Structures are given as structure tokens and as C-alpha cells.
Number of protein chains: 4
Amino acid sequence: MSRIGFIGLGIMGSPMSAHLVAAGHRVTGFDLNEDALAKLTAAGGTAAASARDAVEGAEVVITMLPDHPHVEEVVLGTVLDGVARGTLLIDMSTIRPETSLAVAEEGAKRGVRVLDAPVSGGETGAKQATLSIMVGGEEGDFAAARPILDTLGKTVVHVGPHGSGQVVKAANQLMVGGIYALVAEAIVLLEASGVDAKAGLDVLAGGLAANRILDLKRDTMIAREFRPGFRIDLHHKDMGIALAAARQVDVALPVTGLIAQLIASGRAQGYGSLDHSALLKVVENLSGRP
Amino acid sequence: MSRIGFIGLGIMGSPMSAHLVAAGHRVTGFDLNEDALAKLTAAGGTAAASARDAVEGAEVVITMLPDHPHVEEVVLGTVLDGVARGTLLIDMSTIRPETSLAVAEEGAKRGVRVLDAPVSGGETGAKQATLSIMVGGEEGDFAAARPILDTLGKTVVHVGPHGSGQVVKAANQLMVGGIYALVAEAIVLLEASGVDAKAGLDVLAGGLAANRILDLKRDTMIAREFRPGFRIDLHHKDMGIALAAARQVDVALPVTGLIAQLIASGRAQGYGSLDHSALLKVVENLSGRP
Amino acid sequence: MSRIGFIGLGIMGSPMSAHLVAAGHRVTGFDLNEDALAKLTAAGGTAAASARDAVEGAEVVITMLPDHPHVEEVVLGTVLDGVARGTLLIDMSTIRPETSLAVAEEGAKRGVRVLDAPVSGGETGAKQATLSIMVGGEEGDFAAARPILDTLGKTVVHVGPHGSGQVVKAANQLMVGGIYALVAEAIVLLEASGVDAKAGLDVLAGGLAANRILDLKRDTMIAREFRPGFRIDLHHKDMGIALAAARQVDVALPVTGLIAQLIASGRAQGYGSLDHSALLKVVENLSGRP
Amino acid sequence: MSRIGFIGLGIMGSPMSAHLVAAGHRVTGFDLNEDALAKLTAAGGTAAASARDAVEGAEVVITMLPDHPHVEEVVLGTVLDGVARGTLLIDMSTIRPETSLAVAEEGAKRGVRVLDAPVSGGETGAKQATLSIMVGGEEGDFAAARPILDTLGKTVVHVGPHGSGQVVKAANQLMVGGIYALVAEAIVLLEASGVDAKAGLDVLAGGLAANRILDLKRDTMIAREFRPGFRIDLHHKDMGIALAAARQVDVALPVTGLIAQLIASGRAQGYGSLDHSALLKVVENLSGRP
């Protein structure tokens, strides 16, 4: 069992850290939110007074932070100064690959082994320990992290060198956002044409157009139920990462570029805290419907 | 068993008419291509000298034609004049809903019962009688056509009033085209970032981004194998139908509008006879890759 | 002076035909609308009882019709049967190039000389005889038509073979639609950022971004005054022509494809009878503004 | 006359600093490039050994740096620590508004008066002192800076509070990029249709589609001459700023989102050092032309 420092005990980090405690690890955590610290204590972990304290003496450090500025501040600014050579740093935040590469480089200078390991599966996945975890970094470090990551997720895959986890996460999010937009356009076309949308989507779900979003969400989308789930605001952040990732390696992604603006429109129209399937509202507003 | 007139004995119509013969129907067919007529004869059907002759005395007429001008010419120009009141006309061509509505209206004036019944599933689906068939028209006419359609396909669904079959087919094609573009953008991003595309797509296929195209085509796309399958040229035609369908009912489909141009680009760049998964070539050319 | 048959005496055709009368031509006109015929009579022309009558004995026939189906019906269906060999047929309707080519081809079979000559400049241009006229067809026929066209417009240009007039008109409309969308996005960005939009656009109008729309429309756009001018509904029709023209010659126009959907959105949201500068409303609605 | 510290003596900063020397100011400059320093000395300015030295004792500091990370490092990291209260800091770099706001805020804490003042007009404008300068910040500070800015540019406009200069520059760049794309699509459509592109664009330049890019660049674009001018690579950077500016204030810009990807495609295809009018190559490659 390992001594783990865990920074970022929010909606995702809280159940994740609890799973690690339950698996027998000694987990010391930090978060700016007092309630989050209390939850960790209640689960059997130890609350630290600062990020620096949380990682003091840790064999493994896990960070689960909102966005790249937080990672820059906490990891580059504090954590790397506070850990011993040989420590394994697993950054599970979803951020732009560029920052993951900077962290890995900075870690390498100090003998800290770094992995980027963003997840998909959301709050439910975190609670049920069924996350998909996409890991970028050295093979050996992945092997070392594997037992810990298996405690948190169901699908744990090493996808390539540093930053690769973020790139795969970005690819996932652009595809999910795009499929939502396509389902939305299909629904609007069907309804406006006087076709029973449910019957129509049932046919689509049985052919080459079949996809998980159609399976899971077509009924709630037709019913205009948009309880999150994964919020538009978060998907908006992720589309920014996808475009930054594309820019970083000089590729052009025209469909992603458009989808990013449609999701931005969702946020701008006040749907940011709805489920990302609410992209339907953006598309139907464009047609002055329903 | 019925006396069926079948017009359009091409790649799709040929195996479809043979299934009808095998099921015990008396099929009289017409096509401008002599070989197509010979095949029908060999299968046990009767070759007619003209479209008019083919439908003479038929209880059911099936048309399977390339595009709306052919339907206008053959159906509006000839067939409707040659059949008796009460005949059931099933147009299985993929055309714009507008034309299907015009055919239905013209049929109604003469007491001919009309269904639009486009299919998906391609040549393989036609040969194996596993097509998906999307049917628009009157409930009673659908019930009457059902036994015949069941001979040709596996999923046979009544989706709404006249033209609805075409609308559902259009929705299917816009979604399929869009998902191909998204998979293509994901592959280009992954490869350019030095990530193993196969490993990356495997992760995506296990999460919310999962879709049938990813399941069936990711290996051939990564290997750049684009044997059709369903050709870019045909998908280009179908995107034109999707946009015409949207225009008909005054809805705006921004993603579809862009995808239509990317598929047009595939055709313009000379990939028209490749499989529609060759949309990957359009996307990677945009990035000067591979 | 010529004997001119003029078909289509609407908002554009009415002042145009009056200019021809005033220039000394003998103009016989036809329109389905009685008031339109009365106006022509009042202006000194002759009202015909049918399109056929209007073109009987004409040396020059001018058609100014709403869209390609009308041209197909009136020109292909009636006019070409009613005129003598050697007649000059000038179709000034804005339609898809494909139809102009079909008319030219059909005319050639009967010895009728055909030009496509769509205009820009709108109602004002028609009234003031300051239209821009883009002409496709044979050089000699253009020379023959020139005196008549000079009576109607200020800029009269022969741009290429049959259909070229329509293509140039289509290029004009895609550019105008696109610039409106760009001005709209600039305004939304400036206003949302707390920048004085007028001051900002003034700077833009002084640099490389300068354009006539910015000159003529920025004040009314900022004031949200959208009296037509040229209606969204008509621009929607024209974007359909632009995309049809692109499809006809197998080119891909991604920006045009997107602009077409934004303009479709304007119509779908109920702004069809506003000026096309009301594209600003589509763009600002996307951002939940103002 | 003022004591001016000038940091960033590149293609733009070099002629600009020379103009200030010529106008009688005492200019002390810094750049990492030795040749740039030598040029300033030759022009009558003083070369400093560091950014810190350059701003020591300056009444006015001008920075002209490539992108926001440089501004963050040089201005936030060094300059603000090295200048006295009351100093006027004019940042003429083109960067995201967000960074300009951060600089202004940090300046305010230390009593330093800050303006963002990006320019357009390129190398030629810098050499001829005919730049357009868009200024954000306090009215009084603008008044103080005005005499200096008038030495550098022809159009000097105060457009709003801090960051506004950047927003207007971003609006300018999105419009310029978009108009290039539209001109490119028009050319491709005209040429593919067999229309004389020059004749066609001449007509467009005489109507509502008229714009400065058409005036200045249509001949070189038709001739495929793409000597910069303003490079695709720089426009690519600026489109990133435009999208960041939109994101900052939560607006959705669909056309800008697409144009950004087309320009990214230009860079990805290896046209980065060509003039931005080379967007034509991206558009024509999409159509497999010429």
C-alpha cells in the first residue's frame, strides 16, 4: 500500500480519494474547500493544511484540478518543489496537452515520474470506480501506477508518451460534442418534417448511424430533459482544450471548430449548467423551434 | 402472391427483385440495361420492353431509381398513367422528400396508393435481404406492403406520413457523414500528436463516444483502406437530399451544411468512387498529412 | 427600336419594362397579376393576355421571373415555342446556372439566341436604371442586347459563356452574405467586450477590412434597423443557387455552406421579410444577446 | 520630448523606434537580437543591456512583442518592477484581451498607467508611420499617449476601456480572414464554372460585395502570387486571439470558428510564410484544383 497525496477533492476527487482509502492506501488530501476535507477525514483519510503538506513524504501524488492554470499554480508552483526524487505524480485533471508536457518536463528535471491521466465517465464513474482512464507517459511509470488506477476505473489504457492521455481525452470530447450536435440536427429535421422523432431515431439506432449517445439520450432529448450529467460549461472548457491540442500540433479540425462555437452558444444562451445534450436547444433555437 | 412490376434493376434492384421472385411473386421488371433484364429472367422473372409494359396489370409497383429526376420522369411521366386505381406503388429510391410528396399527391388523384420506402444497408443488405426500410405513407398501405417489404429487409418501420421515409433516410445520412468526419478529425489529431491511433480509438469505443462506424471502420480507416462499401459520390448525392429536406421545412442545420461541403470536397478531389470513410483523406489533406 | 416581349412585371420587372417603353421600344408584357399589367399599360406598353401572346412577333424577349421552376415552365414550356428563329431571349431571372444552360441548349435547337443576365442592385437599382447586369452567352448576342441592357443598368458586363451571368451573381451573393455574417460577428464581439461598436467599426472601415457593407450598413446594424432593402428570404433563395452552382461544377465551398445555414436560420426564426443585414439577429441570438 | 524605453525591436519595433528618435525623443531600446540593437544605435537611440535597463527612468515605455507569453514574462515579470509610479506603459503587441486586462490591473496596483495599443498596417505601415492604432484604456492616458502614437500611425483611435484595443484588432483580423476566404470561394466557383474570374470579380467590386481586399488583391490572387505581405502564420496567431477574445466574453462566432480552421489548414499545409491571401490555396485544394 502507498502513501498518497491527493490534491483536489471536488465532485470527482472526493469519491476517488475515498476509493483509495478503502483500498488500504494512506491518503493525505488537500482542497481549499473545508467540507471537502471533512469528507476525506470521514472516509478515513487525513486532511492537510496545504498542498505542500499533503504531498510531504508521499510516494504517489494525485492531482484532480479544474483547469490548466490550477495545475500550473499547484503542480509547477508547489508540488514539484515539495516531493522527493522518485515520487510518482499522476495528474488526472483534464487540461491542454501542452501543460501536461510542461509538467512532465519539469518533473524530469527533478527526478519526479509524471503521468497525465485524465478520465471520462463523470461523477457516476468516479463514485462507482468505473472511470475510463487515458494515460500518457513512460511505460514503466504506467505499470507502477496501474494498481492505483485500477482502484479508480474500469478501463485503464496507456495510450502513448507524455500528453497522450490529454490528446485522447480531447479526441473523445470532440467526438461526443459532435455526435450530440448531429443527433440534435436529426431531431430538428424529423420533428419539423412531421415525422415521429422517436420512430425515426429508432431506425437510425439500428443502422450505421448507431451510437451510444443515441442509445442513452434520445428519449431524454426528445422529451427535452436536460438534467446533468455532464454540463455544457464543462464541455465548453473541453472543446477549448481540443482546439488547443490541434493548434499545438498544427492540424486543422473544421468540424470541431464549428461544434466548439455551438457549445459556446449553449453557454452564452444560459444553458451552461444543463446537460450537454442541451445542445439540442442551440440547434432548435437556430430554427426558431419548437 | 402478387403481380409485381419492378422498375430499376441495378445493384440494389437486381437482388431485391430476385428475392421477390424467390418468395413466389410474379415479377415483371424493366431496366434500360439489357444485362439487368437478363439477370431477372435468369432468376425466374419476366423482362418487359418498357416501364409501361412492366407495370401493366400489376397489383404492386416497386421503383428503385438513382435520383429524383428519374422518379419524376418514370413515375410521374409513365407509371402513374399505366396502372389501375388501387395499385400500390412503393418507391424505394432515395430522393428528396419534396418529390415523394409530389408523387403521393399525383397518385392520390388517380386512386393509386403510394409509399416512399428508401433503404439503408447497401448492396450487401440488398443481397442478404437485411435492408433497413424506412416507410412514409398511410398506415393501411404500409400494412398492405409489409409482407413484400419483409421479404427485402430486416428492419421495416413505418415512420410517418408521405415523405417521412425520405426524411428519416436523410437524417441517417447526415448522421453517418458527420460521424465519419468526427472519426477522421480524431484520427488526424491523435496521429499528429504521436498517439497510437488504434489505442486511442479503442478507448473512445469504450465510452460515450462509442458508435458503429468506430466499431466497423476504425481499423480500415487507420490502414487507409477505402474499398467501397458505400461510395463518396452516393453520399454526396444524399447530403444534397438532406439539405433539400431541411430547406423544404425551413430548418437550419449548420453541421450538416459543413459536412456536405467536406463530402463534396472528397468528390472534387477525386475520391468519389472510394468508400465514404475516405472522408479521412479530405480531413488529413487539410492538415497536409500524413 | 425593338419589339420587346416582357414576361414578369413584378417589383423589378415593372420599372424595367417602363424604362424600355420610355426609351422608345414597343413593349408587350405579361404577368399573372392584373395590377402589374395595368401599370405597364399606364406606362405606355401593351398588356398581353398570356405569355404566348406577349412574345408573339417579338424581336427581343425579356423574362424576369422568381425562380427556376417558373423559368422552366414559362420559357421552356411556352416562350420557346412561340418565338421565331433569330429572336433574342434575355432571361434576367436569378436562377441556378444549370437551368440557364438548359434554356440556352433548348434555344440553340430552335435558332433562338439566349442570354442569361441576372442583375444586382435591387428595387432601387431597377427604378433608377442603375442595375449591375452580369451577362452570360455568345459575344455577338451580347453586343445585340447591349443597347437594351444599357437602358436598364449602369454596369453591364459580359462575363463568359451561357450560365456565366448566373455564376457571377451567385458569387456576388455568397460574398455579400458572408460579409454580413462577418460584420455581425464583429459587432457581437465588440459589444459583448464593452467596446463602442461604432468606434470599433470606424477603425475597421479605415483598414484592410474595409467593405461597402460596413460603409452602408454599420450604423443601421448597430441601431438594429432592418427595413428592407433586400430580404433575407430572397438571399436564402440565392444561397441555394450558390450551393447548386458549386455542386454543378464539383467544387466545395465550406464557408458558403455555413453562411447558407445561418441565412436559413434567419428565415426559420421569422426574419425572412427583414433586410439581409438582420443576419445580425441570428448571430446575436446565438450568443443570447443583446 | 520624452524619455522612452522601447522593448521589442523586430520588423515592426525597429522602424517604429527610429521614428520616435527622429521625432526628438530619447529612446533607449532592448531586444534579444544584437543586430536589432545595432540598428537602434545607428538611428540615434541607445541600446540597453536588458529590458530592466531599458525602462530605468523612462517616462514612457513601449512594448512590441510577439505574443502574450512574452508580454507576461517581460511586462509582468520585469518592466512593472522597474518603472516609477506614473510611468505610461503602452503595449503595442497584438495579444489576447485577457492578458491586456491582467497587465492593466497589475499596473494599476503600482500606479503605472497602461494602454493596450495594437496596430494594423504591417511592416509597410510601420516604416511609413501610417499604422492604424487601436487604443484601449483611460481617456486621460490616451490623451497623454496621443502625440507619441501620432508619430507612429495615421489613424489613432481610442476605442474603449482596457483591452478594447485588442478586441478591435481581433475583430479586424476575423473580418480580414473571413473576406479572404469568401474571395477565395468566389474565385474557385468562377474558375471551375468556366467564367473569366477577373471579369467576374470586376463586377463584384462594383456592387454591394465591394471590399478593399478585392480591390488590392484580386489580381495577385488570380495570378497565384502570394509574396507577403502579412503571413498566414501571423494570421493564424491572430485567429487564436479572436477565438480567445470571444471565449473571454462568452460569445459564439461560428464563421470565425470555421475561418480559424481554414487558416490553420494553410499553416498545416506549409503555406505559413506566404501572404494570407494564400488562403486561396486551401480553398482550391479542397476542390482538387486548379
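Residues numbered from 1 in each chain as written. Chains lettered and ligands numbered in written order. Predicted model: local features only at pLDDT ≥ 70, side-chain atom pairs only at ≥ 80, totals over all residues. Heavy atoms only, no water.

- Per an unreviewed UniProt entry, chain A goes by the name 2-hydroxy-3-oxopropionate reductase and belongs to Saccharothrix ecbatanensis.
- UniProt, in its Sequence similarities (unreviewed entry) section for chain A, records the words "Belongs to the HIBADH-related family." (UniProt positions renumbered as here; feature names shortened; annotations may be inferred.)

### Looking at the overall build of chain A
- Counting secondary structure elements, chain A contains 13 helices and nine strands.
- Here the C-alpha atoms of chain A give a radius of gyration of 20 Å, agreeing with the 19 Å that 2.2 N^0.38 yields for 290 residues.
- Buried positions account for 62% of the 290 residues belonging to chain A.
- Total accessible area on chain A is roughly 9900 Å²; 49% of this is exposed by carbon and sulfur atoms. (Helix = DSSP H or I, 4+ residues; strand = E, 2+ residues; numbered from the N terminus. Rg over C-alpha atoms; globule rule 2.2 N^0.38 Å. Buried < 20%, exposed > 50% of the residue type's maximum accessible area, 1.4 Å probe, protein only. Areas by Shrake-Rupley, 256 points an atom, 1.4 Å probe, with all protein chains shown as cover.)

### Some remarks on unusual backbone geometry
- A cis amide bond, omega 5°, links C:Arg289 with the succeeding residue C:Pro290.
- Within the chain, C:Asp250 stands out as a residue other than glycine whose phi angle is a positive 55°.
- Mapped onto the elements, C:Asp250 comes out in the loop between α11 (232-248) and α12 (254-268).
- Although it is not a glycine, D:Ala129 adopts a positive phi angle of roughly 55°.
- Residue placement: D:Ala129 occurs in the loop between α6 (122-128) and β8 (131-136).

### Focus: the UniProt feature "domain: 6-phosphogluconate dehydrogenase NADP-binding" (unreviewed entry) in chain A
- Per the UniProt record, the feature "domain: 6-phosphogluconate dehydrogenase NADP-binding" (unreviewed entry) sits at residues 3-160 of chain A.
- For residues 3-160 of chain A, the end-to-end C-alpha separation is 27 Å, with 47% helix and 25% strand making up the annotated structure.

### Considerations on the relation of the copies chain D and chain C
- Between the two copies, chain D and chain C, the superposition gives an RMSD of 0.0 Å; the rotation angle is 180° and the shift along the axis is 0.0 Å. In the structure described here, the two chain copies are related by an operation that fits a two-fold rotation axis. Using C-alpha coordinates, one finds that chain D approaches the rotation axis most closely at D:Asn211, a distance of 1.9 Å. (Least-squares fit on C-alpha atoms with pLDDT ≥ 70 in both.)

### Examining the UniProt feature "active site" (unreviewed entry) in chain A
Residues and elements named next belong to chain A.
- The positions UniProt marks with the feature "active site" (unreviewed entry) are Lys169.
- Summarising the element assignment, Lys169 is placed in helix α8 (residues 164-192).
- Each residue touching Lys169, except ones within four places of it in the same chain, is listed here: Thr94, Pro118, Val119, Ser120, Met134 and Asp238.
- Looking at Lys169, its side chain comes within polar contact range of the side chain of Thr94, at 2.7 Å. (Contact = heavy atoms within 4.5 Å. Polar contact = N/O pair within 3.5 Å; in protein donor to acceptor, adjacent residues only side chain to side chain.)

### Concerning the interface of chain D and chain C
- Each partner contributes residues to the interface: chain D has 60 residues there, and chain C has 60 residues.
- Between chain D and chain C lies a buried interface of about 5100 Å² when both sides are counted; carbon and sulfur atoms form 77% of it.
- The tally of links from chain D across to chain C stands at zero salt bridges.
- On inspection of chain D and its partner chain C, the count reaches twelve residue pairs in polar contact (both at pLDDT 80 or more).
- For the side of chain D that touches chain C, the secondary-structure elements that each account for two or more residues are β9 (153-160), α8 (164-192), α9 (197-205), α10 (212-222), α11 (232-248) and α12 (254-268) of chain D.
- Looking at the side of chain D that touches chain C element by element, the count peaks at 21 residues for α8(D).
- Partitioning the side of chain D that touches chain C into residue classes produces 44 nonpolar, twelve polar and four charged. (Buried area = accessible area lost by both parts, 1.4 Å probe. Salt bridge = Lys/Arg side-chain N within 4 Å of Asp/Glu carboxyl O. Nonpolar A, V, L, I, M, F, W, Y, C, P; charged D, E, K, R; others polar.)

### Looking at the interface of chain A and chain B
- Listed per partner, the contact involves 60 residues of chain A and 60 residues of chain B.
- Where chain A abuts chain B, roughly 5100 Å² becomes buried across the two surfaces, and 77% of that area is made up of carbon and sulfur atoms.
- At the junction of chain A with chain B, the criterion picks out zero salt bridges.
- The tally of links from chain A across to chain B stands at twelve residue pairs in polar contact (both at pLDDT 80 or more).
- Within the residue set of the side of chain A that touches chain B, elements represented by two or more residues are β9 (153-160), α8, α9 (197-205), α10 (212-222), α11 (232-248) and α12 (254-268) of chain A.
- Looking at the side of chain A that touches chain B, the element that brings in the most residues is α8(A), giving 21 residues.
- Taken together, the residues that form the side of chain A that touches chain B break down as 44 nonpolar, twelve polar and four charged.

### Let's talk about the relation of the copies chain A and chain B
- Superposing chain A onto chain B takes a rotation of 180° plus a shift of 0.0 Å along the axis, which leaves an RMSD of 0.0 Å.
- Interface residue correspondence from chain A to chain B reaches 100%, placing this contact among same-surface, isologous pairings.

### Describing the pairing of strand β2 (residues 26-30) of chain C
All names here are of chain C.
- Direction of pairing for strand β1 (residues 3-7) relative to β2: parallel, over a ladder of five bridges. What sits directly across from Gly5, in β2, is Thr28.
- The sheet contact formed by β2 and strand β3 (residues 46-47) spans two bridges and is parallel. The residue of β3 that forms the bridge with Gly29 is Ala47.
- Each parallel crossover has a hand, and for β2 linked through helix α2 (residues 34-43) to β3 it is right-handed. (Pairing = 2+ DSSP bridges. Right-handed = clockwise from strand over helix to strand, strands pointing away.)

### Describing the pattern of salt bridges
- Counted by the stated rule, this structure contains 64 salt bridges over all chains.
- Note that A:Asp81 and A:Arg110 form a salt bridge whose closest N and O atoms lie 2.3 Å from each other. With A:Asp81 in helix α4 (residues 68-82) and A:Arg110 in the loop between α5 (97-109) and β6 (113-116), this residue pair connects regions lying 29 residues apart in the sequence.
- Residue classification places A:Asp81 among the partly exposed positions, given a relative accessible area of 42%.
- Judged by its relative accessible area of 26%, A:Arg110 falls in the partly exposed class.
- We note a salt bridge from D:Arg218 to D:Asp215, for which the minimum N-O separation is 3.9 Å. One end of the pair, D:Arg218, and the other, D:Asp215, are both in helix α10, three residues apart, so they sit about a helical turn from each other.
- Residues participating in the shared-partner salt-bridge network are A:Lys198, A:Asp202, A:Asp215, A:Arg218 and A:Asp219.

### Let's talk about the pairing of strand β5 (residues 88-91) of chain A
Residues and elements named next belong to chain A.
- A two-sided burial pattern is seen for β5, the buried positions comprising Leu88 and Ile90 on one face and Leu89 and Asp91 on the other.
- Of the pairings in the sheet, the one linking strand β4 (residues 60-63) to β5 comprises four bridges and is parallel in character. Within β5, the residue paired with Thr63 across the bridge is Asp91.
- In the classification by handedness, the crossover that spans β4, the intervening α4 and the parallel β5 is right-handed.
- Sheet topology places β5 next to β6; four bridges connect them, and they run parallel. Following the sheet pairing, Leu88 is matched in β6 by Arg113.

### Considerations on the domain arrangement of chain A
Residue and element names in this part refer to chain A.
- Taken as a whole, chain A is organised into domain 1 (3-161) and domain 2 (167-286).
- In this structure, domain 1 and domain 2 have C-alpha centres spaced 29 Å apart.
- Of the residues lining the interface, twelve residues belong to domain 1; the matching set on domain 2 comes to ten residues.
- Both faces considered, domain 1 and domain 2 share a buried interface measuring about 960 Å² in area, 69% of it formed by carbon and sulfur atoms.
- Among the residues domain 1 hides against domain 2, the three largest losses belong to Thr94, Pro97 and Met134. Together they make up 43% of the total.
- At the boundary of domain 1 and domain 2, one finds zero salt bridges.
- Seen at the junction of domain 1 and domain 2, the total is four residue pairs in polar contact (both at pLDDT 80 or more).
- Secondary structure elements with two or more residues in the side of domain 1 that touches domain 2: α5 and β7 (119-120). (Domains from an automatic or database assignment.)

### Observations concerning helix α2 (residues 34-43) of chain B
All names here are of chain B.
- Three or more residues of α2 are buried, namely Ala36, Leu37 and Leu40. Taken down its axis, α2 places every buried residue within 100° of arc, on the same side. Opposite the buried face of α2, by more than 90 degrees, sit the exposed residues Glu34, Asp35, Lys39 and Ala42.
- Where the residues of α2 are buried, they touch α1 (13-22), β2 (26-30) and β3 (46-47).
- Put simply, Asn33 is the residue that caps the front of α2, since its side-chain oxygen is 2.7 Å from the backbone nitrogen of Asp35. (Arc of directions from axis to C-beta.)

### Observations regarding the side chain of D:His68
- Looking at the secondary structure, you find D:His68 in helix α4 (residues 68-82).
- Discounting residues that sit within four places of it in the chain, D:His68 has contacts with D:Ile95, D:Arg96 and D:Thr99.

### With respect to α10(D)
- Looking only at α10(D), the buried set comprises D:Ile213, D:Leu214, D:Lys217, D:Arg218 and D:Met221. Buried residues of α10(D) fall within an arc of 135° about the axis and therefore sit on the same side. Those residues of α10(D) that are exposed and aimed more than 90 degrees away from the buried face are D:Asp215 and D:Leu216.
- Buried residues along α10(D) sit in contact with α8 (164-192) of chain C together with α8, α9 and α13 (279-286) of chain D.

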